[in-house]
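Descriptive analysis of the structure
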Amino acid sequence: MSFTVNKEIATFGGKLLKLSHESKATNTKMDVNVYLPAQYENDPSATKIPVLLYLSGLECTPNNASEKAFWQPFANKYGFAVVFPDTSPRGANVEGEDETWYLGTAASFYVDSTTSKWSKNYKMYSYINDELQSELASYLTKLDFNNISISGHSMGGYGALMIFLKNPSKYKTVSAFSPVANVHDNKWSELCFANYLGQEKSSWDQYDILKLIKSYNGPTPEILIHLGTKDPFLNELKSKLILDASKGTKFEGKVDYNFVEGYDHSYYYVSSFVDEHAKHHAKYLGLADN
Ligand SMILES: N[C@@H](CCC(=O)N[C@@H](CS)C(=O)NCC(=O)O)C(=O)O
């Protein structure tokens, strides 16, 4: 199985590839964008380029962050690639998939569905954590998927933390912009989880980051989190609960939580802090000292 290159775009001295491929996990065609830093073509010795996975939020395609987060100059500065996956399968023809902006299309919450209605397609946890990485590793052989970290925004900030915490040692570190903290108390995740995992709420716990952080046993890099004081979704996100849940765990003192004055939920805000997040990832990917 390989990728179709839909577009190759020169940007910031590197190259953005807009790819698509057939996914076995979702049984659909999936789009994914990959930013190859300048080193990818210009430096023949760069054969093990670390990878940052960036998971977007509700309503996004791979293009939103590719166009508006401005990871590119920092990916070049440190020398990592950025993978921008899609936020759900598309066109799976599941009833209700396109009726609400926080269910179905662009609202996978990055879990593996177990319900008869959704489980044929909504397997985004397996897609992101396994299939996409192994497919890209054989397609873009200069990328080093053994040196990888993960970040995301909103639903994707939650997804990044959840995937990091469920896979100790796999990701070198994690960061999140405005993550959804409590999937049991958020109107978007509650609708999605009831659909994808069923009404029995104990089955949601395996994806509950406030629980996962307590049972986690593995390396404990710092976790970097930002949230804007003017975010219109503060009451849904409750990102500070992640800092609170870290108390008494291996992550106590390791959650760098920043409630930043005046910023909202948009990519004007995300892009304002991408430099700090890039530096954080570069440190744990072995690309910078501090
Ligand atoms: N549709 C929502 C907003 C959804 C939203 O803000 N989505 C965020 C992620 S949670 C996003 O990144 N949107 C796309 C963009 O800003 O490019 C509303 O009506 O308020």
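Quantities reported herein were computed from a predicted structural model and do not represent experimental measurements. (Residues numbered from 1 in each chain as written. Predicted model: local features only at pLDDT ≥ 70, side-chain atom pairs only at ≥ 80, totals over all residues.)

A few points about the overall build of the protein chain
When its secondary structure is counted, the protein chain shows ten helices and nine strands. The principal-axis extent of the C-alpha atoms belonging to the protein chain is close to 55 × 45 × 35 Å. The long-range share in the protein chain, meaning contacts at least 24 apart out of those at least 6 apart in sequence, stands at 71%. (Helix = DSSP H or I, 4+ residues; strand = E, 2+ residues; numbered from the N terminus. Contact = placed C-beta atoms within 7 Å.)

Quick notes on the site of the ligand
All residues adjacent to the ligand are G57, L58, E59, C60, N64, W101, H153, S154, M155, H265, S266 and Y267. Taken together, the residues of the shell around the ligand break down into five nonpolar, six polar and one charged. (Near = placed C-beta within 6 Å. Nonpolar A, V, L, I, M, F, W, Y, C, P; charged D, E, K, R; others polar.)

Focus: the UniProt feature "active site" (unreviewed entry) in the protein chain
Taking the UniProt record as the reference, the feature "active site" (unreviewed entry) is found at S154, D231 and H265. On the basis of their most widely separated C-alpha atoms, the annotated residues across 112 residues gather in one place, lying no more than 10.8 Å apart. You can call S154 buried: it has 26 C-beta atoms within 10 Å. If we ignore the near neighbours within four places in the chain, the residues touching S154 are G57, L58, S178, P179, V180 and H265. Relative to the assigned elements, H265 resides in the loop between β9 (255-260) and α10 (267-284). When sequence neighbours within four positions are dropped, the list of residues in contact with H265 reads S154, S178, G228, D231, P232 and F233. (UniProt positions renumbered as here; feature names shortened; annotations may be inferred. Buried ≥ 20, exposed ≤ 12 C-beta atoms within 10 Å, placed from the backbone.)

Comments concerning the sheet that holds strand β8 (residues 223-228)
Taking strand neighbours across the sheet as the criterion, the nine strands line up as β1-β2-β3-β5-β4-β6-β7-β8-β9 in an open arrangement whose pairing is mixed. Each edge of the sheet is formed by a strand with only one pairing partner; in this case those strands are β1 (4-11) and β9. Taking the axes of each pair of neighbouring strands and ignoring which way they run, one obtains an average angle of 20 degrees across the sheet. Summarising the sheet, strand β7 (residues 174-177) and β8 pair through four bridges and their orientation is parallel. Looking across to β8, one finds that A176 is bridged to I225. Relative to the sheet, helix α4 (residues 124-139) contacts β2 (14-22), β3 (29-36), β5 (81-85) and β6 (143-153), its axis offset from that of β6 by approximately 140 degrees. (Pairing = 2+ DSSP bridges. Axes fitted to C-alpha atoms, helices over the stretch in contact; angles between N-to-C directions.)

Digging into helix α6 (residues 187-196)
Those residues of α6 not exposed but buried are W188, S189, C192, F193, N195 and Y196. All buried residues of α6 project into a common sector of 160 degrees when viewed along the axis, lining one side. Packing partners of the buried residues in α6 comprise α5 (155-166) and α8 (234-237). A positive backbone phi angle near 105 degrees is found at G198, which sits one or two residues after α6. (Arc of directions from axis to C-beta.)

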